[in-house]
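Commentary on secondary and tertiary structure
Next come the chains, spelled out residue by residue.
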Amino acid sequence: MALLDEKDLARIAAAVKRVEENTAGEIVVVVEPQCDTYGTWRALGAALFTLAVSLGVHLFIPGVPEGSVLAAQLPLGLFAWWLCGLPRVLIRLAPQAAEMAAVDRQAKLAFLENGVHRTRDRSGILVFIAEAERRVEILADEGIHQRMGEATWQQHVDAMIGAIRSGRAADGICEQVEAMGRVLAQSFPRRPDDTNELPDTVRH
């Protein structure tokens, strides 16, 4: 089941639009279904699953011929590969460090691909949501980051992650986009000649 449906995406886009009416900041929200294939960890999990089942059959069901156990290795391995590829299973197999590195890499790529670094006042902000990993990163261009600081973004990240993990993804994202907007309106107010440089729609 997807983290956000079409109604949720529309709500988030509307929140971004409201926020940008009062600030020169440009907020871009990107939802990435999964940041890596985690192939090494999938293969390891499938191999261990296949080995454990085969060993269990051999030890606890002695009536099964060894030839049959060996013959079952391929279909069992294919099933294990499929099973370990399911997002909920795969994310549990991958170490936290591998997840964090993958999310950080994809967030930086999304920052560039979506032109967040190309606004007139260097006022772009990326809110990157990794769906399978249940992680969030906020990347701000230098114009805003110099005024706001890392601690400001981390508060919003923590709140969004908490909402996502409690099943309130859309509510949490909208709440934090609007909270960011209130801070941005004070520190980076909208200028008379300000234009909407980046689309408000959620990229996914």
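Right, let's walk through the structure included here.

Conventions and cut-offs
Residues numbered from 1 in each chain as written. Predicted model: local features only at pLDDT ≥ 70, side-chain atom pairs only at ≥ 80, totals over all residues. Heavy atoms only, no water. Axes fitted to C-alpha atoms, helices over the stretch in contact; angles between N-to-C directions. Helix = DSSP H or I, 4+ residues; strand = E, 2+ residues; numbered from the N terminus. Parallel < 35°, antiparallel > 145°, perpendicular 65-115°, else oblique. Contact = heavy atoms within 4.5 Å. Nonpolar A, V, L, I, M, F, W, Y, C, P; charged D, E, K, R; others polar. Buried < 20%, exposed > 50% of the residue type's maximum accessible area, 1.4 Å probe, protein only. Lys, Arg positive; Asp, Glu negative; His and termini not counted. Salt bridge = Lys/Arg side-chain N within 4 Å of Asp/Glu carboxyl O. Pairing = 2+ DSSP bridges. Left-handed = near helix turned anticlockwise from the far one by under 90°. Patch = residues over 30% accessible without salt bridge, like charges linked within 9 Å, V, L, I, M, F, W, Y side chains within 5 Å. Areas by Shrake-Rupley, 256 points an atom, 1.4 Å probe, with all protein chains shown as cover.

Below, the discussion takes up the packing of helix H1 (residues 6–20) against helix H9 (residues 169–187). The N-to-C vectors of H1 and H9 enclose an angle of 5°; their axes lie 9 Å apart at closest approach. Of the possible angle classes, the one that applies to H1 and H9 is roughly parallel. Each of Asp8, Arg11, Ile12, Ala15, Val16, Arg18 and Val19 in H1 lies in contact with H9, whose residues at this interface are Ala170, Asp171, Ile173, Cys174, Val177, Glu178 and Gly181. Across the contact of H1 with H9, the residue classes tally to eight nonpolar, one polar and five charged.

Turning our eyes to something else, we now look at the side chain of aspartate 200. Positionally, aspartate 200 belongs in the segment after H9. The side chain of aspartate 200 is buried and forms no salt bridge, while lysine 17, the nearest opposite charge, is found at 6.0 Å. Residue contacts for aspartate 200: discarding those within four places in its chain leaves Ala13, Val16, Lys17 and Glu20.

This paragraph deals with the sheet that holds strand E1 (residues 26–32). Backbone hydrogen bonds hold the strands of a sheet together, and the pairing may be parallel or antiparallel. Judged by pairing direction, the sheet is mixed, and its three strands sit side by side in the order E1-E2-E3 without closing on themselves. Of all the strands in the sheet, just E1 and strand E3 (135–140) have a single pairing partner and so form its edges. Averaged over neighbouring strand pairs, the angle between their axes works out to 15° when direction is ignored. In terms of strand pairing, strand E2 (residues 124–130) meets E3 through six bridges, oriented antiparallel. Paired with isoleucine 125 across the bridge in E3 is alanine 140.

Before going further, it helps to spend a moment on the packing of helix H2 (residues 39–60) against helix H4 (residues 73–85). Relative to each other, H2 and H4 sit at 135°, their axes nearing to 8 Å. By the angle between their axes, H2 is oblique relative to H4. Classified by chirality, the crossing of H4 by H2 is right-handed. Of the residues in H4, those touching H2 at Gly39, Arg42, Ala43, Gly45, Ala46, Phe49, Thr50, Val53 and Ser54 are Gln73, Leu76, Gly77, Phe79, Ala80, Trp81, Trp82, Leu83, Cys84 and Gly85.

Under the counting rule described, the total for this entry stands at eight salt bridges. We note a salt bridge from glutamate 178 to arginine 18, for which the minimum N-O separation is 2.3 Å. One end of the pair, glutamate 178, is in helix H9; the other, arginine 18, is in helix H1, with 160 residues separating them in the sequence. Relative accessible area serves as the criterion here: at 27%, glutamate 178 is assigned to the partly exposed category. Between arginine 135 and glutamate 99 there is a salt bridge, with the nearest N and O atoms lying 3.3 Å from each other. With a gap of 36 residues between them, arginine 135 in strand E3 and glutamate 99 in helix H6 (residues 96–113) connect regions that are remote in the sequence. You can call glutamate 99 buried: its relative accessible area is 6%.

Quick look at a nonpolar patch on the surface now. A cluster of nonpolar side chains, Trp41, Leu44, Leu48, Leu51 and Leu93, forms an exposed patch at the surface whose accessible area comes to about 440 Å². Among the elements that line the nonpolar patch, the one with the most residues is H2, at four residues. On the secondary structure map, leucine 48 appears in helix H2.

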